[in-house]
Amino acid sequence: MDAVKSKFGFEINQGRHIDMDRIDTRLADEISAHVRSWKACLNCGSCSATCPGGVGLRSLLLKLSTLGELTTLDTCLLCGKCFLVCPRGISTRYLIIQIIKKRREYGKAV
Amino acid sequence: MTNQPDIRRVDVRRVAVIGAGPAGMAAAGSLASLGIAVDWYEKDPLTGGKLHDYYQLFPDRVRASEVLPELESKSGKSLITKYLGRTISEIERHPGGIVLKNGSGSCGEADAVILATGFDFFDARLKEEFGYGIYKHVITSVDLERMLPVGKDALRRFGKDPATVGFVHCVGSRDEQVGISYCSRLCCITGIKQAIEVSEMFPAAKVYNFYIDMRAFGQGFEELYRKAQEEHGIRFIRGRVSEASEDREFRIRVKAEDTLMARPLKVTVDWLVLLVGMTPSCTEVTLDHAEKQQEFIKPENPLTSNAVRGMPGVFAAGCCTGPMNIPESVASGRAAALQAYDYLTRDR
């Protein structure tokens, strides 16, 4: 399909819509079954603000739960500062480990 | 005369309480306990007000029907005279007291008056973009409250359990488009409670709550919010629904922005529940020929008093002064009763 489009010298923009009817959130569902406290996230951003590795954990987790997509975690030091600051006491460090494990299961590097 | 004990002669004085919701019930009961005679006016044929419209009350999910008898006056019942199905449209101050009127006719007198006329639910049809009154499966939180006690069948569609249910927060609250600038405060927790009730009824259903801010202010409210997320998996999406439309299967297509993701979003739901706000009651009593108010009554000093400005002897209680939950309404009714008592017993 892409090859056909490129022949015409243009591409069709993908819609930016999140289509909740079609999103596959199984990955997120499997992980949140292990770490139930994740569901209580308030999106306050404390985790991202405190991260010495510069991981935007809030937005990473939000993308994972909303779209089932996972962006890179490779600068995470597993230091656990995000867990120390979370106002809802979400086990973020354990959550990150679960995400890494799942990704390995799915055969993708994190 | 001089040998008489110092008893203030309050027994001949009468207080009119207008409205028999939680605030009016608390006010009438408190006055009777204080030994004051009460004329109690209610436009509906029974006392209890909007408690009759509710199924379970937040945050502890106590049945509304269990709360009603608790609010009934235990003492001094003989001092209360009920006038049910009687509307008071105007009150007028005269040198001898206060005259209660319905239209042009006088229908009673009192030495002091407690207004506990309550509120109306926002008319969701005014927010046409949500399709209330147009699409069958767009309902309000008030409709849902009546459907919940009926059980699963009330929410099944064409014999099937609903797969997705959406809740829209702030319908008729914080919305200059419908001339309402204030927050109704109680819709957030109602949305949380009803989302839990729906998800308990249909555990497989996905439940989405669309909100601007979550304002879980009361005792136990934040805990219920967390429970909704963690135990029931209810998804709270920050973003106001822009519009709803119906598809060929009579499901409701919802458009919103997920403002945390900063991306537009669409989702199809089997039911869309509009969490309607509270508006000043249209049956509100007009004070001294004033223009019929479409505002909540502002007490003289909202921090410390229930007295209505410029109307000595008139006190306002409960939701006619602004959105309140049941414990607040009850406290407000009791406070107004005590102030009316003080007014009657102090030297004037």
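Everything in this summary refers to the structure shown in the same document. From a predicted model like this one, the values you see are computed outputs, not experimental measurements.

1. Some words on the overall build of chain B
Step number 1: Along chain B, the regular secondary structure elements total seven helices and 21 strands.
Step number 2: Taken over C-alpha atoms, the radius of gyration comes to 23 Å for chain B, in line with the 20 Å a tight globule of 348 residues would show.
Step number 3: In terms of overall dimensions, chain B has a C-alpha envelope of 80 × 40 × 35 Å along the principal axes.
Step number 4: Expressed as a percentage of the 348 residues in chain B, the buried residues total 54%.
Step number 5: Sequence separation of 24 or more characterises 67% of the internal contacts of chain B that already satisfy a separation of 6 or more.
Step number 6: About 16,200 Å² of surface is accessible on chain B, with carbon and sulfur atoms providing 49% of the total.

2. Describing the environment of A:Val55
Residues and elements named next belong to chain A.
Step number 1: By secondary structure assignment, the location of valine 55 is in the loop between helix H3 (46–50) and helix H4 (57–67).
Step number 2: Since its relative accessible area comes to 6%, valine 55 is described here as buried.
Step number 3: For the pair valine 55 and threonine 72, spaced 17 residues apart in sequence, the C-alpha separation works out to 8.4 Å.
Step number 4: Apart from residues no more than four positions distant in its own chain, valine 55 is found in contact with Ser48, Leu60, Leu73, Thr75 and Cys76.

3. Observations regarding the packing of helix H2 (residues 26–34) of chain A against helix H6 (residues 92–105) of chain A
Residues and elements named next belong to chain A.
Step number 1: Where H2 contacts H6, the axes come no closer than 10 Å and their chain directions differ by 135°. The angle between the axes of H2 and H6 places the two elements in the oblique class. Like other packed secondary-structure pairs, H2 and H6 cross with a definite hand, here right-handed. Residues Leu27, Glu30, Ile31 and His34 of H2 form the contact with H6, whose participating residues are Tyr94, Leu95, Gln98, Ile99 and Lys102.

Definitions and limits used
Residues numbered from 1 in each chain as written. Chains lettered and ligands numbered in written order. Predicted model: local features only at pLDDT ≥ 70, side-chain atom pairs only at ≥ 80, totals over all residues. Heavy atoms only, no water. Helix = DSSP H or I, 4+ residues; strand = E, 2+ residues; numbered from the N terminus. Rg over C-alpha atoms; globule rule 2.2 N^0.38 Å. Buried < 20%, exposed > 50% of the residue type's maximum accessible area, 1.4 Å probe, protein only. Contact = heavy atoms within 4.5 Å. Areas by Shrake-Rupley, 256 points an atom, 1.4 Å probe, with all protein chains shown as cover. Axes fitted to C-alpha atoms, helices over the stretch in contact; angles between N-to-C directions. Parallel < 35°, antiparallel > 145°, perpendicular 65-115°, else oblique. Left-handed = near helix turned anticlockwise from the far one by under 90°.

Purely spatial values, then, with no claim about function.
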